[in-house]
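Notes for the structure review
So you can see what is in the structure, the chains are spelled out below.
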Amino acid sequence: MLFLRRQVLAQVGRFANVSANASTKFGSLRFAHKPSFTADSYPSLQRDPRYATLNQADIDFFRSTLEKEGGSIVNGLDQSTDPSDLEAFNVDWTHKYRGKTQLAIKPKTTEQVSRILKYCNSRRLAIVPQGGNTGLVGGSIPVFDEIVLNLSLMNKIHSFDELSGVLSLDAGVILENADNFLAEKDHMFPLDLGAKGSCQVGGCAATAAGGLRLLRYGSLHGTILGIEAVLPDGTILDNMVTLRKDNTGLDLKQLFIGSEGYLGIITRLTVICPRRPRSTNVAFFGVSSYENVLKAFSESKSYLTEIISAFEMMDNTSQRLVDALNSTQRPLEEEHPFYVLLETQGSNKEHDEQKLNELIENLIEKEVIADGVIAQDESQLRVLWERREGITECLAKAGSGVYKYDVSLPLNVLYDLVNATKERLADLKLLGESSDQPVIDVVGFGHMGDGNLHLNVAVRQYDKRVEKALEPWVFEWVASHRGSISAEHGLGLLKKPYLGYSKSPEMISLMKTLKNVFDPNGIMLPYKYV
Ligand code: FAD
Ligand code: 2HG
Ligand code: ZN
């Protein structure tokens, strides 16, 4: 580990081993409680009587559709089904929402998806598509008794062309599996995120997930070349283009990227994948102020130009949480108000290291960073990334709930939202040490390179007083600073009422018109999105 302190660059090969002073404040299990039903915690949501109720004839149809090609169902109408088998389909990752589905369908082929949707459309049975169920906005689980259509059995990688880098695969392939497959071909998936071991490429496409390296490899709107999707009436839309350029007519696939299952089910994708970098460097800096984080970002772009692949900001509160709840070593001995994880990816190790060292010398000279380390091997690199990727898991262990806001903001005001939130919650006496104060901590971190802040409010338990203090206040704050209320997690159930803070009435009206064209009976993703 290369250790930087003021003007000194010395090889020390170890991480600091300082235990957190906050360690007693937090619990240790991820969301140990069982969430209440969404329908109970949000009584303003009412089941839409237009939707039919599932019956035995429906189950018989689904069973006969699936049996030939190996799909399966989990059927709550059957008395012998253990109710806990449906729980995983009904509860979201944040344990904030819980639905009441009686049926999860796991198709194996696109044709099965088509037959199922056609049937549900004719019967007016509501559907919620589900990938890895790692979404953070309550989109992937039912609100009432919607049928869950889970893509996990559609998990084949179909082809990879080494010359063009185009990968063709089913929507249900786990992101990490796709990337491991590509690693063997010396390529990589152009998206990476903390949930990669569970989220599916179709779920990522459906949410237009941004992740850790959007700064370098761009958005899925650019890297997904083709999509196969099934419309609610069963029509299979085959747009599995493998071409980089296809300038013919409306680019309909773009409507599905980020549509969160509102328009149909994504069943297959083609994705353009870059070569795996030959050289990766990760540095971790301690920074004394947000102003200096901005300066470090500007200098990093200027010195590293084409090789910068991630620039992630973390505040001290987030790192105290990681100290308390994650077993990774602490890279820097002293605490700092902010930390930055900087990554480069390139093809020439010497060249990349030279650029990084020049940057670091400059940052030290100008006193932009107070301290830092550079990973010297793969395991140190992983430890440094864990300090960033582990924050979400640690937040989930801090109390029994987290209010999450993923916003885009102009960089100069990005962290002001965290301070403003802390002040507001303290003024309202909701933030504090005592057990009758619901808020444990307010944390800010995120993909600084993309202008994306993750504001997290960790609570002892979900509490309506906190929710009322934060919503719509956070969204108003973001809109008044010309930001977006969702940078990457999407709308789901959480942000549906607040879309007006980011989109004009004309745009929302056009979205509803399009919904009517794709899904006139409104069976897909009810109660959510727009
Ligand atoms: P799900 O959660 O199952 O579904 C998400 C939405 O898409 C739902 O509305 C669902 O109905 C719909 N959907 C799912 N599959 C399909 C399909 N095949 N067709 C149509 N609709 C579908 N997100 C980021 O953007 N960047 C991050 O860095 C990031 N990091 C994360 C880290 C952690 C630890 C966790 C828990 C989550 C993170 N997320 C991140 C959020 C989440 O992982 C992503 O949104 C991911 O893309 C969701 O994929 P999934 O397969 O789990 O989808
Ligand atoms: C990340 O960037 C994810 O790690 C999750 O988008 C952010 O936990 C969060 O709020
Ligand atoms: Zn993120």
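As the structure is a prediction and not an experimental result, all values here were calculated from the model.

The next point concerns the overall build of the protein chain. When helices and strands are tallied, the protein chain shows 18 helices and 18 strands. Its C-alpha atoms give the protein chain a radius of gyration of 24 Å, near enough to 24 Å, the size a compact globule of 530 residues would have. Every one of the 530 residues in the protein chain was classed for burial, and the buried ones make up 58%. Of all intrachain contacts in the protein chain linking residues separated by at least 6 positions in sequence, the fraction that spans at least 24 positions is 75%. Split by element, the accessible area of the protein chain, about 21900 Å² in all, is 49% carbon and sulfur. Placing the 57 positive and 66 negative side-chain charges of the protein chain at their respective mean positions leaves the two points 3 Å apart.

Remark on secondary structure: sheet strands pair via backbone hydrogen bonds, oriented parallel or antiparallel. The strand order 3-4-6-5 describes an open sheet built from four strands, whose pairing is mixed. Strands with a single pairing partner mark the edges of an open sheet, and in this sheet they are strand 3 (72-75) and strand 5 (127-130). The average undirected angle you get between the axes of adjacent strands in this sheet is 20°. Taken strand by strand, helix 2 (residues 56-67) contacts strand 3, strand 4 (103-106) and strand 6 (147-150), and its axis lies near 155° from that of strand 3.

Time to look at the pattern of salt bridges. One pass over the structure, following the stated rule, counts 25 salt bridges. Across the pair arginine 115 and glutamate 69 runs a salt bridge whose closest N-O atoms are separated by 3.7 Å. Of the two residues, arginine 115 sits in helix 4 (residues 110-123) while glutamate 69 sits in the loop between helix 2 and strand 3, which places them 46 residues apart along the sequence. Judged by its relative accessible area of 35%, glutamate 69 is partly exposed. The shortest N-O distance in the salt bridge between arginine 330 and aspartate 323 comes to 2.7 Å.

Glancing now at the packing of aromatic side chains. Pairs of aromatic rings are described using the distance from one ring centre to the other and the angle between the two planes. Counted under the stated rule, the structure contains 18 aromatic pairs. Pairing phenylalanine 256 with phenylalanine 518 gives two aromatic rings, centres 5.7 Å apart and planes at 80°, and the pair type is edge-to-face. Taken together, the residues span a long stretch of sequence, with phenylalanine 256 in helix 9 (residues 253-256) and phenylalanine 518 in helix 18 (residues 505-518) at a distance of 262 residues. Where tyrosine 262 meets tyrosine 529, the ring centres are 4.6 Å apart and the plane angle is 45°; that geometry is what we call tilted. One end of the pair, tyrosine 262, is in the loop between helix 9 and strand 11 (265-272); the other, tyrosine 529, is in the segment after helix 18, and 267 residues separate them in sequence. As far as burial versus exposure is concerned, tyrosine 262 and tyrosine 529 are alike and both buried.

Before going further, it helps to spend a moment on the domain arrangement of the protein chain. The domain architecture assigned to the protein chain consists of domain 1 (38-150), domain 2 (157-272), domain 3 (277-394) and domain 4 (399-489). On a C-alpha basis, the centres of domain 1 and domain 4 stand 32 Å from each other. In this complex, domain 1 contributes seven residues to the contact, which on the side of domain 4 involves seven residues. Summed over both partners, the interface of domain 1 with domain 4 buries about 630 Å², with 59% contributed by carbon and sulfur atoms. Counting every contact that joins domain 1 to domain 4 gives zero salt bridges.

Attention now goes to the site of ligand 1. Taken together, 35 residues surround ligand 1, and among them Pro129, Gly131, Gly132, Thr134 and Gly135 come closest. Taking glycine 131, its main chain carries an N or O atom lying 2.7 Å from an oxygen atom of ligand 1. Glutamine 200 has a polar backbone atom sitting 2.9 Å from an oxygen atom of ligand 1. At the level of secondary structure, the elements contributing two or more residues to the shell around ligand 1 comprise strand 5, helix 6 (201-207) and strand 11. It is helix 6 that provides the largest number of residues to the shell around ligand 1, a total of four residues.

Detailed reading of the predicted coordinates is not advisable wherever pLDDT is low. When the pLDDT values of the protein chain are averaged, the result is 94; 95% of them are 70 or greater. Confidence drops under pLDDT 50 across residues 5-25; counting only partners more than four residues distant or on other chains, this segment forms 46 contacts.

Once that is clear, we can look at the site of ligand 2. Looking at ligand 2, the residues that line it are Leu136, Arg388, Thr392, Lys404, Phe445, His447, His454, Asn456, Glu488 and His489. Here an oxygen atom of ligand 2 and a side-chain polar atom of threonine 392 are 2.7 Å apart. A distance of 3.0 Å is found between an oxygen atom of ligand 2 and a side-chain nitrogen or oxygen belonging to asparagine 456. At the level of elements, strand 17 (439-447) and strand 18 (452-459) are the ones that each hand at least two residues to the shell around ligand 2.

Turning our attention to the sheet that holds strand 10 (residues 236-239). Read from one edge to the other, the open sheet built from five strands follows the order 7-8-11-9-10, with strand pairing classed as antiparallel. Edge positions in the sheet fall to strand 7 (157-161) and strand 10, since each of these pairs with one other strand and no more. Within the sheet, the average angular offset between the axes of one strand and its neighbour, ignoring direction, is 10°. Bridge count between strand 8 (residues 166-170) and strand 11: five bridges; the pairing is antiparallel. In the sheet register, leucine 167 faces strand 11, and the bridge partner there is valine 271. Sitting on the sheet, helix 5 (residues 175-184) touches strand 7 and strand 8, and the angle it makes with strand 7 is about 40°.

So, about the coordination of the zinc ion (ligand 3). Every protein donor of the zinc ion (ligand 3) is listed here as His447 (NE2), His454 (NE2) and Glu488 (OE), and their distances to the metal cover 1.8 to 2.1 Å. Counting residues between consecutive donors of the zinc ion (ligand 3) along the chain gives the motif H-x6-H-x33-E. Accessibility expressed as a relative area gives 4% for histidine 454, which makes it buried.

Moving on: the packing of helix 10 (residues 290-304) against helix 12 (residues 349-365). Running from N to C, helix 10 and helix 12 cross one another at 145°; their axes reach a closest spacing of 9 Å. Helix 10 and helix 12 meet at a crossing whose hand is right-handed. In contact with Ala296, Glu299, Ser300, Tyr303 and Leu304 of helix 10, helix 12 contributes Lys355, Leu356, Glu358, Leu359, Asn362 and Leu363. Across the contact of helix 10 with helix 12, the residue classes tally to six nonpolar, two polar and three charged.

What follows is about the environment of glycine 286. Take glycine 286: it is sitting in strand 12 (residues 279-287). Judged by relative accessible area, which is 0%, glycine 286 ranks as buried. For the pair glycine 286 and glutamate 333, spaced 47 residues apart in sequence, the C-alpha to C-alpha distance is 9.8 Å. Residue contacts for glycine 286: discarding those within four places in its chain leaves Leu332, His336, Phe338, Tyr339, Ile369, Ala370 and Asp371.

Let us now look at unusual backbone geometry. Cis geometry is adopted by the peptide bond preceding proline 472, which originates at glutamate 471 and carries an omega value of 10°. The phi dihedral of threonine 305 is positive, around 35°, even though this residue is not glycine. Note that threonine 305 resides in the loop between helix 10 and strand 13 (308-315).

Quick notes on the rules
Residues numbered from 1 in each chain as written. Chains lettered and ligands numbered in written order. Predicted model: local features only at pLDDT ≥ 70, side-chain atom pairs only at ≥ 80, totals over all residues. Heavy atoms only, no water. Helix = DSSP H or I, 4+ residues; strand = E, 2+ residues; numbered from the N terminus. Rg over C-alpha atoms; globule rule 2.2 N^0.38 Å. Buried < 20%, exposed > 50% of the residue type's maximum accessible area, 1.4 Å probe, protein only. Contact = heavy atoms within 4.5 Å. Areas by Shrake-Rupley, 256 points an atom, 1.4 Å probe, with all protein chains shown as cover. Lys, Arg positive; Asp, Glu negative; His and termini not counted. Charge placed at Lys NZ, Arg CZ, Asp CG, Glu CD. Pairing = 2+ DSSP bridges. Axes fitted to C-alpha atoms, helices over the stretch in contact; angles between N-to-C directions. Salt bridge = Lys/Arg side-chain N within 4 Å of Asp/Glu carboxyl O. Phe/Tyr/Trp six-rings, centres within 6.5 Å; stacked < 30°, edge-to-face > 60°. Domains from an automatic or database assignment. Buried area = accessible area lost by both parts, 1.4 Å probe. Near = heavy atom within 4 Å. Polar contact = N/O pair within 3.5 Å; in protein donor to acceptor, adjacent residues only side chain to side chain. pLDDT = per-residue confidence, 0-100. Donors = N, O, S within 2.8 Å, 3.2 Å for Na, K, Ca; no water. Left-handed = near helix turned anticlockwise from the far one by under 90°. Nonpolar A, V, L, I, M, F, W, Y, C, P; charged D, E, K, R; others polar.

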